[in-house]
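Listed here are the chains, written in short residue letters.
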Amino acid sequence: MAPKNTVPGTIPAPADADGVGLAPASSASGPAAEALRPAAGGGGTHTAPGTGTPDDAGSPAPRGRARKAPDAQAIRRRTPRGKAESRLAYYLVTPAGLMELLIHIIPMALGIWIAFTALNQLNLTNWLNAPFVGLQNFVNGLNPESTIGQSFFSALGRTAVYTVIVVGGSWILGMAGAVFLSSKVRGRTFLRTLFLVPYALPTYVGTIAWAFMFNQRDGAVNQLLVDVFGLFGGERPFWLLGENSLTAMIVVNIWTLWPFAFLMLLAALQNVPGDVYEAASLDGASLWSQFMHITLPMVRPANGVLVLVMGLWTFNQFNIPFVLFGPSSPAEAMLVTPLIYQNSFGSWNFGLGGAMSVLLLLAMLVATAFYVRLVLPKGAQHD
Amino acid sequence: MKHTFRLGAAAAAASVLVLGLAACGSSGGGGDAGSQEITYWATNQGQSLDHDREVLSESLERFTEETGIKVNLEVIPWTDMYNRILTAVTSGDGPDVLNIGNTWAVTLQETGAFEPVEGEFLEAIGGQDRFMSAAWATAGAEGKAPTSVPLYSQAYSLYYNTELFEEAGIDAPPATWDEFVETAKKLTKDTDGDGKIDQWGISTEAGAVTNGAHHSFIRGKQHGGAMFDADGQPTFNTDAQIDGVAEWVDLMGTHKVMSPSDAEMTNGADAVANLIDGRAAMVFNQNPVKNFTARDFEDWGVAPMPLVDGNATGDRAVMSFAAGSNVSVFKNSDSKDAAYQLVAHLTDTEEQVYLNDAYTSLPTVADAYDAEEFQNESAKLKEKTLADHAQPMPLVAQEGQMETLVGTAVKNLFAQAATGTVTRADVERALTDAQNQMTAAQ
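Residues numbered from 1 in each chain as written. Chains lettered and ligands numbered in written order. Predicted model: local features only at pLDDT ≥ 70, side-chain atom pairs only at ≥ 80, totals over all residues. Heavy atoms only, no water.

**Topic: the overall build of chain A**
Now for step 1: Of regular secondary structure, chain A possesses 16 helices and zero strands.
Now for step 2: Residue burial in chain A is summarised as follows: out of 383 residues, 43% are buried.
Now for step 3: For chain A, long-range pairs separated by at least 24 residues make up 68% of all intrachain contacts whose partners lie at least 6 apart in sequence.
Now for step 4: In the structure as shown, chain A presents an accessible area of about 19500 Å², 68% of it carried by carbon and sulfur atoms. (Helix = DSSP H or I, 4+ residues; strand = E, 2+ residues; numbered from the N terminus. Buried < 20%, exposed > 50% of the residue type's maximum accessible area, 1.4 Å probe, protein only. Contact = heavy atoms within 4.5 Å. Areas by Shrake-Rupley, 256 points an atom, 1.4 Å probe, with all protein chains shown as cover.)

**Focus: the sheet that holds strand β1 (residues 37-43) of chain B**
All names here are of chain B.
Now for step 1: Reading across from one edge, β2-β1-β3-β10-β4 is the order of the five strands in this open sheet, with mixed pairing throughout. The open sheet has two free edges, formed respectively by β2 (70-76) and β4 (149-154), since each of these has just one partner strand. Neighbouring strand axes in the sheet, compared pairwise and without regard to direction, differ in orientation by 20 degrees on average.
Now for step 2: Bridge analysis of strand β3 (residues 97-101) against strand β10 (residues 323-329) gives five bridges, and the strand direction is antiparallel. (Pairing = 2+ DSSP bridges. Axes fitted to C-alpha atoms, helices over the stretch in contact; angles between N-to-C directions.)

**Some details on the interface of chain B and chain A**
Now for step 1: Contacts between the two partners involve 42 residues from chain B, matched on the other side by 35 residues from chain A.
Now for step 2: Here chain B packs against chain A, burying approximately 3300 Å² in sum over the two surfaces, 60% of which is carbon and sulfur.
Now for step 3: Scanning the region where chain B abuts chain A turns up zero salt bridges.
Now for step 4: Connecting chain B to chain A are six residue pairs in polar contact (both at pLDDT 80 or more).
Now for step 5: Of all the elements in the fold, those that place two or more residues in the side of chain B that touches chain A are α1 (2-19), α3 (78-91), α4 (105-111), α16 (399-419) and α17 (424-441) of chain B.
Now for step 6: With ten residues, α16 of chain B is the single largest residue contributor to the side of chain B that touches chain A. (Buried area = accessible area lost by both parts, 1.4 Å probe. Salt bridge = Lys/Arg side-chain N within 4 Å of Asp/Glu carboxyl O. Polar contact = N/O pair within 3.5 Å; in protein donor to acceptor, adjacent residues only side chain to side chain.)

**Here's the deal with the packing of aromatic side chains**
All names here are of chain B.
Now for step 1: Across all of its chains, the model carries 34 aromatic pairs over all chains by this definition.
Now for step 2: Between the NZ or CZ atom of Arg 130 and the centre of the ring of Phe 131, over which it lies, the distance is 5.5 Å.
Now for step 3: Sitting above the plane of the Trp 177 ring, Arg 219 keeps its charged end 3.6 Å from the centroid. (Phe/Tyr/Trp six-rings, centres within 6.5 Å; stacked < 30°, edge-to-face > 60°. Lys NZ or Arg CZ within 6 Å of the ring centre and 35° of its normal.)

**A look at a negative patch on the surface**
Now for step 1: Side chains of Glu 163, Glu 166, Glu 167, Asp 296, Glu 298 and Asp 299 of chain B sit close together on the surface and give a patch of like negative charge.
Now for step 2: Along the polypeptide, Glu 166 of chain B turns up in helix α7 (residues 162-167). (Patch = residues over 30% accessible without salt bridge, like charges linked within 9 Å, V, L, I, M, F, W, Y side chains within 5 Å. Lys, Arg positive; Asp, Glu negative; His and termini not counted. Charge placed at Lys NZ, Arg CZ, Asp CG, Glu CD.)

**So, the nonpolar core**
Generally speaking, a soluble globular protein has its nonpolar side chains buried in company with each other.
Residues and elements named next belong to chain B.
Now for step 1: Of all hydrophobic cores here, the largest spans 60 residues; its most connected members are Phe 180, Trp 248, Leu 251, Met 282, Phe 284 and Phe 414.
Now for step 2: Contributions of two or more residues to this core are made by β5 (157-161), α7, α8 (177-187), α9 (209-222), α10 (239-253), β7 (280-285), α16 and α17.
Now for step 3: Here the element with the most residues in this core is α16; it accounts for ten residues.
Now for step 4: Counting 42 residues, the second largest nonpolar core, distinct from the first, contains Val 75, Ala 155, Leu 346 and Leu 355. (Core = buried A, V, L, I, M, F, W, Y, C linked by side-chain atoms within 4.5 Å.)

Take a look at the structure:
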């Protein structure tokens, strides 16, 4: 779930360097001492636990540093102790690697392969032998002129907008909550717990409760808005049908997601030393400019990962629309993942569902790659 | 190569299982003849899953006494059943015996995951001649050994609140569609004078996909349409089908005799509750009597479904599809003999009387009809509807997809009617979209 990059280092630096060095080693160049320093700070997202200074806790793996790591590793390799430790690292990572292969990689590869077959109820029991149809699924289903293609591309666009709104909204709320609670307000332990309730609740429980509240005839939302505040001219609007359904889903998703942003940002804020603010306020900086020029830059590395993770989760959102609207979402609120579900399981057209999944995967890979290159390295400089 | 495939298959099966909400009862492993154990997935037929468990446990106890075979029962709600079956079929890991909605019979038959009802199996249940022919017709595609055995029969009828009818001075239920719309208009009113309508002519679970598919089929038939042509090609958007669906959606959009709130309703029991509470005067339903009984509600009447043309015969006089649930044996079952015996037990005449009486459905075996339990008005009407005015849903492999696509289209049209207006062109576009998706899937 949450990125495991916040473990303060307990393993000595060389082990860490080896861990990073699981990537192919490049030829050693540059003085060892210089190469070592950045590698030590490069507690990677997926490699070894971070070893850096406390400042590094909560920071993502800065790409720029990881790239230099092989230098250090190449040097370490020369000592026998380094070799043994590197072997140990491989042993340690093997079980996780096997499970990763079994749970993620193989099913993903199968999913890609299914996208090139005509898998339906006729060959489902013998699905390894489903007829191979090449690019037919992509051509048939993703032709922007066809009904299915249109629904796919409009769902893709809608999901992008949806992601921006949900992640943006959650971030703003989370940041506001974190800034508020990192000052010494009264009852902050209570508020902190309260704010985390939506995150502690299983998504299904929370969403089912929202579905009841959004019910047009008897729901709490309409009772409040229409009966108490007298909005909408006494006409009860629908929240789970038609145009409002997207709004309703955004509300529910922000409600479930913002505590995560709050938690991460609160952790990041607690690593900003208080004397920086003191110095700034002595110099006459306003609260707003303190926020803009101290808080934001200081939490930037944490932010980079936070936004990425929230973006990926939201783009792939399935639980909330499924519980809110049932197996088929309203056209106005159709996101990509529910659409893929509907094509695969509703229409038993697994080939087409697979093709859509592959395109979704590609889109996400490209977006993530751009994001990682553009956003994350910059974060490293502020470390 | 082979190894990788097997590993891959295992991994995929595992992931499918995990995705499929896990918790699937795996088929009883024990092959001991002495203490055999089998798993039975039952659909929800009673007022609640608990009610089903009670009814079925009693019957299964008798089975265990007779045969010594233990049955692990799981009752599954309709909304989950299709996915559960799909997961079981894909992974090959399912129950020994399971219920299916009879409209899925052909689609599931095509997967080859169920045991054909022939030879030993057919003998065990006493041959097909014991069964009502309308029910047996839903067991599988024509010209092939069926892969399911009819268990419970159902048919749509018009149920109405007699008190509200009296109040409005209506003495007979409507027989034609025009009369029905007129009657519904008379019954739609504001009873407490607050300017808002609080009693509606008809209520239905317009947000349920299956409901949309069923009424598209019935209304389309009455206009001379069909979901598929003779070659099995989809014909969702012919004029007759558009007329049928438009007529159905117009109840909310144009005639305003159905509450817009119904567009959010996904559960048939809620429509029946509206009828009991006097919020609606009529419902089209397969089996509301169990709900009436549970609420001690007696002011109800039952009538045949209205017809577009009151004098029609044949296809245009279709009032219902031959509805109901069937029972199948999973091909991967380790205990097929025990599974056959369970199916034989469930379709035994006495058990048929017990089960169908408890669920207020109709038996599928002819002998059971003589029982006094089925001599009441509602059961008699259903029997007549099934015999003279019902057809099976299309017996083609794509029936499952059709239900999803057309049903979703109708659901969305109701959503549109609830928040705005629906024109005939909207109906045509929605059905054409469904048709295009169907063709792309083939």
